Amino acid sequence: MTGNNQERYNPRESEPHWQKVWDERQSFVVSDEDEREKYYVLEMFPYPSGRCHVGHARNYTMGDVLARYKRANGFNVLHPMGWDAFGMPAENAAIKNNAHPKTWTHQNIASMKDQLKSMGFSFDWTREIATCDPEYYEHQQRLFLDFLKNDLVYRKSSKVNWDPVDHTVLANEQVIDGRGWRSGALVEQKELTQWFFKITDFAEDLLESIDTLEDWPEKVRIMQKNWIGKSEGLTVRWALDPETAPEGHCDLEVYTTRPDTIFGASFMAVAADHPLAQAAAKNNPELEEFIKECRRMGTSVAALETAEKRGFNTGIHVKHPFDDNWTLPVYVANFVLMDYGTGAIFGCPSGDQRDLDFARKYDLPVKAVVLPEGEDAATFEIDDVAYTGTGVMINSSFLDGMSPTEAFDEVANRLGNVDINGNVQAERRVNYRLRDWGFSRQRYWGCPIPVVYCDNCGIVPEADENLPVELPEDVSFDKPGNPLDHHPTWKDTTCPNCDAPARRETDTLDTFVDSSWYFARFTAPTASTPTVTDTADAWLPVDQYIGGVEHAILHLLYSRGFARAMKICGHLNVTEPFKGLFTQGMVTHETYKTSQGDWVSPEELKFEGTGDDRKAIHLQSGEELKIGSIEKMSKSKLNVIDMTAMAESFGADATRWFVLSDSPPERDVQWTEAGIEGVWRYVQKLWRLVDDANAIISSEEDGSAENFDSEALLKAAHKAVAQVSESYENLRFNRAIAHLYDLTNTLSKAVSAIKLAPTHKERAALRTATDFLVKLCNPIVPHVTETCWARLNKDSILADEAWPVADESYLKEDSIILPVQVNGKRRGEIEVAKDLPKEQVEDAALSLDAVSRILDGKSPKKVIVVPGRIVNVVV
RNA sequence: GCGGACGUGGUGAAAUUGGUAAACACAAGGGACUUAAAAUCCCUCGCCUUAAUCGGCUUACGGGUUCAAGUCCCGUCGUCCGCACCA
């Protein structure tokens, strides 16, 4: 390092400067007319919670690096940004601070947009959309009406969490230990008629097409497959014992994927909402109380399934399909879901852990019916672990000796021919775990559902010319419940059909609807129809979609379902909206709470002590805070670190580099600022190094003596181009950074090796290596590299420059170093020509001192030569 | 409870996907330069043993497959994400 330059790179000056230059030149504004090949990079758009946090920084930096890299590679890159702007926090702010959701949201958007701009992200801001703007949701309403016309949405009754004190519907998140978060009242389940999107129409296609999503992470594909949950089973009708059957009920239909275990059945269980349970409860107050208790559990599956398994014997009995004299009790059980299958099961304790736990609890028989290989039928017993594997049927009458698969078919065939109360007793049925998407919300801050209820005409779609159905602004949040419903006049309208007075739908759409098609709207953000089909087809699918793993199922599945529905309605022609998916790891942080249970932000506390004695002290009150678990950064838990706080001290470039360095992008990271000083030093070093190199490059004098190996420098430079390009291509940003450090170190050594006037060759090598380094770093640190580029006397800006190309001839290695192992342990290494024949490699390895010492004159048992990799001598 | 992942030095991690474990960094320690500090540069840095080399051990834990395992298989423990009204 010559180190004679005492100047420093100043991001405070350079960053706004280059942002202005890019802005003025419209460097990132993309045109539909461009002839070059398209590339659509999209990061999941943010909810405008107020400020961007470092998790956002990680997400958007990844997308930006890819966008800039692809642009330099000659693609016409679409890289838009917008706002997922409807949602509960805006209403909560309205209740808490008396801020109107619209004002609150727009202020947040303005502030977050400033933050994003200051980070130098290459978004095409001319395409910005906010889902809460009528210009956006008008088209969403159009989509809704098209779906309605095409039979893709419908109404049905379903359950919500009901707060009986606040008279309001609660989100699962607002139910804490079975109580409403504000009122503290025990939550009840309540039936409401709501709007549903028929995503199950696409279940089979959504499942099958997963195999075509080759650029998706395997884990997401597995999760979606499991979520759709296709199973092939049997519905079986069990005759009720007439003695015990409630009036009007003669059989009970269950769904099972294991009809082979039918002789292991020991009880029946139905959901609390099952008609048979309802009927049985009519003259059984205790059962009625039990059912009521089940309804107090909230609606989330996680809550239901983690609750203690409980059942209530209804006194009803069923007859076993293969034995009239065998009756089984019918229970109402809190773990049976009305939504899945038929809402009723038969319990086979030996073959299902949950059934076994239930049987042990209520002292029901446990009979093994599948014998694992290697066990003896006479002694095999189920203790407290159910056996779910395969084997041979036992204790199962005519099924004995069959495999479970054969037994499945046998049961299906036999019962398929039996008539019970006018129906076949058993039918094969393909079942999906996937349910239709209930997307009505009883809230204000969402897209109004454009339908009208007319006493004459019933449910009437709003006329197209009346769209958008706009949210009223004069709403009050004084009382709980849906402000749209409370509004004195808003719901009064006239029927688009008959002009009679009518009422508007007061439910709004789930915010997941907003994000299920925004990627399509970005392709024509101001069009007077939801999309312009040709334009959408030209841009879609999104080539690389980047966002958190937490969206692996719902958002991505809904979007896939919407794309199919939009295709049916003619808005798109693609089926799969996201060709490539990258799920970044979450940025996590400790959480802190006061003794009252209020969350405290990390900015409002200090630490005392270390290790086990570490204490968090609230700055304001001096109170010792409870240090909670490490969780995903979220506004609701206040464990967020502001995105630009670091940028204000160290610059956007250093922040961008920092969030990508070290950790692989798909891995969760616990946020820490440790290391940012090192990045700051690197940015300074890069700038200084370019400056020093430039001084040498631009000197006119050619020396005659070599200062450094210029061939080696060129080799390193070209190798870096290959490695860094490959890393960007595969979104392995941490590896790209390691390679960039390597090239920087090599270049830096060359520059500081210059003691005499450099030769012409040396200056040429330095020029190439320096240009490459600056270009390779540019996607991550675009501001400082533009400054460097200008320093190198270039008359272009880097944003317009093409990506460097590695010269293959520099990438070849003539000789390689092979490690030599003896019995799998490394004992030495040999340097050999790259294509040296195996025998000669073997000889070279055996002649190593370390090897011959161990061999001690004996000949080896075997020598394994893996070309280009390793030699292993087995003794 | 169910589904999906992850676990490597003081720290973040790398390992061409079964082939030299610890690349590249951060932190720490030592040194050079300086009146001093900052900045910068050089050196050391998994553990044990040794003056140093040599040697031995080491990828959460316990088994297994293989010439060879961080990587594949089985089990255990821990952490995180999702579970349909948070976004």
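Once a new chain begins, its residue numbering starts again from 1 and follows that chain's sequence as written. Following the order in which they are written, the chains are lettered starting with A and the ligands numbered starting with 1. Where totals are concerned, whole chains, interfaces and linings use all residues; where local detail is concerned, this predicted model gives features only for residues with pLDDT of at least 70, and gives and counts side-chain atom pairs only at 80 or more. To obtain the side-chain values, all non-hydrogen atoms of the structure were included, while hydrogens and water were left out.

Visitor: Would you explain helix 12 (residues 404–416) in this entry?
Guide: Residues that lie three or four places apart on an α-helix share one face, since the helix turns once every 3.6 residues. The end-to-end C-alpha distance of helix 12, which contains 13 residues, comes to 18 Å, matching closely the 18 Å that a straight helix rising 1.5 Å per residue would cover. Only protein chains enter the accessibility calculation, which uses a 1.4 Å probe; a residue whose area is less than 20% of its type maximum is buried, one above 50% is exposed, and one in between is partly exposed. Where helices and strands are cited, they refer to DSSP runs of H or I of at least four residues and of E of at least two residues respectively, numbered from the N terminus. Those residues of helix 12 that sit buried are P404, A407, F408, V411, A412 and L415. Down the axis of helix 12, the smallest arc covering the buried residues is 135°, so these residues share one side. Between two residues, a contact is recorded if the distance between any of their heavy atoms is within 4.5 Å. Here the buried face of helix 12 lies against strand 10 (231–239), strand 16 (370–371), strand 17 (392–393) and strand 20 (426–431). Multiplying one less than the number of residues by 1.5 Å gives the expected span of a helix. By arc we mean the arc of the directions from the helix axis to the C-beta atoms, nothing more.

Visitor: How do you make sense of the packing of helix 1 (residues 11–25) against helix 24 (residues 782–791) when you look at a structure like this?
Guide: The packing of two helices is summarised by the inter-axis angle and the distance between the axes. Axes, fitted as lines to C-alpha atoms, cover a helix only where it is in contact. Angles between the N-to-C directions of the axes lie from 0 to 180 degrees. Contact geometry for helix 1 and helix 24: axes closest at 9 Å, N-to-C directions at 85°. Between helix 1 and helix 24, the crossing angle belongs to the class labelled roughly perpendicular. Only P782, H783, E786, T787 and A790 of helix 24 make contact with helix 1, whose side of the interface consists of S14, E15, W18, Q19 and W22. Taken together, the residues that form the contact of helix 1 with helix 24 break down as 4 nonpolar, 4 polar and 2 charged. Reported orientations rely on four angle classes, namely roughly parallel under 35 degrees, roughly antiparallel over 145, roughly perpendicular from 65 to 115, and oblique for the rest. Polar here means any residue other than Ala, Val, Leu, Ile, Met, Phe, Trp, Tyr, Cys and Pro, which are nonpolar, and Asp, Glu, Lys and Arg, which are charged; Gly is therefore polar.

Visitor: Looking at this model, I keep getting lost on the environment of S636. Mind explaining?
Guide: Structurally, the position occupied by S636 is in the loop between strand 35 (624–632) and helix 18 (643–650). S636 gets classed as partly exposed once you look at its relative accessible area, which sits at 46%. Put simply, S636 and G82 are 554 residues apart on the chain and 21 Å apart in space, counted from C-alpha to C-alpha.

Visitor: Would you mind showing me how to read the protein's contact with RNA strand B here?
Guide: Here a residue counts as near a molecule or strand whenever at least one of its heavy atoms sits within 4 Å of it. Taken together, 68 residues form the shell around RNA strand B, and within it N172, R443, R735, N745 and N872 come nearest. For RNA strand B, the backbone portion of the atoms within 4 Å of the protein, that is sugar and phosphate, comes to 64%. Contact between RNA strand B and R441: a phosphate oxygen at 2.9 Å from a side-chain N or O atom of the residue. Distance and chemistry together define a polar contact, namely a pair of N or O atoms within 3.5 Å, with one atom able to donate a hydrogen and the other to accept it when in protein, and with adjacent residues in sequence counting only for side-chain atoms on both sides.

Visitor: Would you mind showing me how to read the sheet that holds strand 11 (residues 251–256) here?
Guide: Two pairing modes exist for strands in a sheet, parallel and antiparallel, and in both the strands are linked by backbone hydrogen bonds. A strand pair is defined by DSSP finding two or more bridges across the two strands. The strand order across the open sheet formed by 3 strands is 11-10-20, and the pairing between neighbours is antiparallel. Of all strands in the sheet, those with a lone pairing partner are strand 11 and strand 20, marking the two edges. Within the sheet, the average angular offset between the axes of one strand and its neighbour, ignoring direction, is 25°. Where strand 10 and strand 11 come together, 6 bridges link them in antiparallel fashion. Bridging from a neighbouring strand, T235 pairs with Y255 of strand 11. Here helix 12 sits on the sheet in contact with strand 10 and strand 20, set at roughly 125° to strand 20.

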